[in-house]
Amino acid sequence: MTKSKRTTAAPPSPPVLGPRALNRATLARQLLLSRSPMSATGAVDHLVGLQAQNVKPPYYALAARLDGFTPEALSRPMADREVVRIVTLRSTIHTHTADDCLTLRPLVQAARDRELHHFRAGLAGVDLDRLAATARALVEEEPRTMKELREALLEDWPDADPQALSVAARCKLPLVQVTPRGLWGRSGQVRLTTAEHWLGRPAGPAPAPAPDATVLRYLAAFGPASVKDMQTWAGLTRLRDAFERLRPRLVTFRDENGAELFDLPDAPRPDPDTPAPPRFLPEFDNLLLSHADRTRVVPPELKGRHWQGNIAYRTLLVDGALAGLWRLDGDALVIEPFGHLDRTRWAEVTAEAERMLGVLHPGTAYDIRFGTVRG
């Protein structure tokens, strides 16, 4: 009598999420399916910062996401040093909460060190630890512009490349932009001091903390996502180990190309047919920058259409996806769609434009004009 062989069933394959399912999930995390009652500071915390290469984008980003938002809702905590502007993710300026400023900056220090390698020829003979100490003393004595800092450092290292000296200071130190820079309706040069000096408390631990907690926060704001997606968002490498440590706490999916996606078990994943209202987003909005595969928001045929060289345009979302560009031109808000929008969509876009203008430019009359359709 022969014994039957036992067979072990293969584990079930992870569910597949198409671009539209990923779109709705990400929009829900990004507070773009419906406006949130969160405070501005709470939203900056939830979104793990807002891209802020220019002063105005964080305000437009929050106007698209928050119910009852006014510019003062972000300017006030910035003036009170509850949120700050600092170079962090992808070596770009972000608006972060004070807590994130002090903890995320050490996490991305490895990327700042790699950036510094590109300037090593101009730093021949420069003791970087001494440079950091000298720069710290200078900016903590009084906030300084990059030009002022560069000129002061040249006194100690006259043979070094001036730009390399200022880049080295920015890479070695957590330099924040002090107010009034960053306040709505105010002007001011970029003046820098250290985060510790500005906030009155020390930065996070050195060496940098493990990224595990940040992985969970990234997924809460941008998931479901792959390891490569988070690496693109953070400007970091070698995050696979953190995802593997967290795997028992996460759920997994696949996208249509077979890439493994991680997510928080209880995070929102709305029905793909959930309506997504139009939204006017600023240039450099993190929604369009925080995944290696951006097809969940940018249709493949429109790849690169919201960029020209190093310039990013303000973008219009329709049905949750990139659908056009917009700009303020004199007394007009000019909308340039990439394709045909029917009468219902036009009405929705116009209503959202009027709302955005009323929030950020109250008392100013703007005509809403539709420019040439960009085919």
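Let me begin by describing the structure that accompanies this report.

Parameters at a glance
- Residues numbered from 1 in each chain as written.
- Predicted model: local features only at pLDDT ≥ 70, side-chain atom pairs only at ≥ 80, totals over all residues.
- Heavy atoms only, no water.
- Helix = DSSP H or I, 4+ residues; strand = E, 2+ residues; numbered from the N terminus.
- Buried < 20%, exposed > 50% of the residue type's maximum accessible area, 1.4 Å probe, protein only.
- Polar contact = N/O pair within 3.5 Å; in protein donor to acceptor, adjacent residues only side chain to side chain.
- Contact = heavy atoms within 4.5 Å.
- 1 Å grid on protein atoms, 1.4 Å probe; cavity = no way out; pocket = protein on both sides within 12 Å on 5 of 7 lines; lining within 4 Å.
- Points joined across faces, edges and corners; volume = space filled by probe spheres on them.
- Nonpolar A, V, L, I, M, F, W, Y, C, P; charged D, E, K, R; others polar.
- Pairing = 2+ DSSP bridges.
- Axes fitted to C-alpha atoms, helices over the stretch in contact; angles between N-to-C directions.
- Salt bridge = Lys/Arg side-chain N within 4 Å of Asp/Glu carboxyl O.

### Some points on the side chain of Gln177
Thinking step 1. Tracing the chain through its elements places Gln177 in strand β5 (residues 175-177).
Thinking step 2. Residue Gln177 is classed as buried on the basis of its relative accessible area of 10%.
Thinking step 3. Polar contacts involving the side chain of Gln177 include one to the side chain of Arg85, which spans 2.9 Å.
Thinking step 4. Each residue touching Gln177, except ones within four places of it in the same chain, is listed here: Arg85, Ile93, Val190, Arg191 and Leu192.

### Section: empty space enclosed by the protein
Thinking step 1. What the rule picks out here adds up to three cavities of 30 Å³ or more.
Thinking step 2. Those elements that provide at least two residues to the lining of the largest cavity are β2 (50-51) and α3 (57-63).
Thinking step 3. Partitioning the lining of the largest cavity into residue classes produces seven nonpolar, four polar and three charged.
Thinking step 4. Contributing to the lining of the second largest cavity are Pro282, Glu283, Phe284, Asp285, Leu288, Leu289, His306, Trp307, Ala312, Tyr313 and Thr315.
Thinking step 5. Split into classes, the residues belonging to the lining of the second largest cavity amount to seven nonpolar, two polar and two charged.

### Here's the deal with the environment of Ala164
Thinking step 1. Inspection of the secondary structure puts Ala164 in helix α9 (residues 162-172).
Thinking step 2. On the accessibility criterion, Ala164 (1% relative accessible area) is buried.
Thinking step 3. It is 16 Å that separates the C-alpha atoms of Ala164 and Val87, two residues lying 77 residues apart in sequence.

### As for the sheet that holds strand β14 (residues 332-337)
Two pairing modes exist for strands in a sheet, parallel and antiparallel, and in both the strands are linked by backbone hydrogen bonds.
Thinking step 1. The strand order across the open sheet built from five strands is β9-β12-β13-β14-β15, with neighbouring strands paired in mixed fashion. The sheet is open, and its two borders are formed by β9 (279-281) and β15 (367-370), each paired with just one other strand. The sheet shows a mean angle of 30° between the axes of neighbouring strands, taken without regard to direction.
Thinking step 2. In terms of strand pairing, strand β12 (residues 314-318) meets strand β13 (residues 321-329) through five bridges, oriented antiparallel. Looking at β13, one finds that Leu316 is bridged to Gly324.

### Describing the pattern of salt bridges
Thinking step 1. The full count for this structure, using the stated rule, is 34 salt bridges.
Thinking step 2. Between Asp156 and Arg130 there is a salt bridge, with the nearest N and O atoms lying 3.5 Å from each other. Here Asp156, found in helix α8 (residues 146-156), pairs with Arg130, found in helix α7 (residues 128-141); they are 26 residues apart in sequence, far enough to count as distant.
Thinking step 3. When its relative accessible area of 35% is taken as the criterion, Asp156 is described as partly exposed.
Thinking step 4. Residues Arg327 and Asp329 are paired through a salt bridge, measuring 3.7 Å at the closest nitrogen-oxygen approach.
Thinking step 5. Residue Arg327 is classed as partly exposed on the basis of its relative accessible area of 35%.
Thinking step 6. Asp329 gets classed as partly exposed once you look at its relative accessible area, which sits at 40%.
Thinking step 7. Three or more residues are tied together by salt bridges with common partners; here these are Arg20, Arg24, Asp273 and Asp319.

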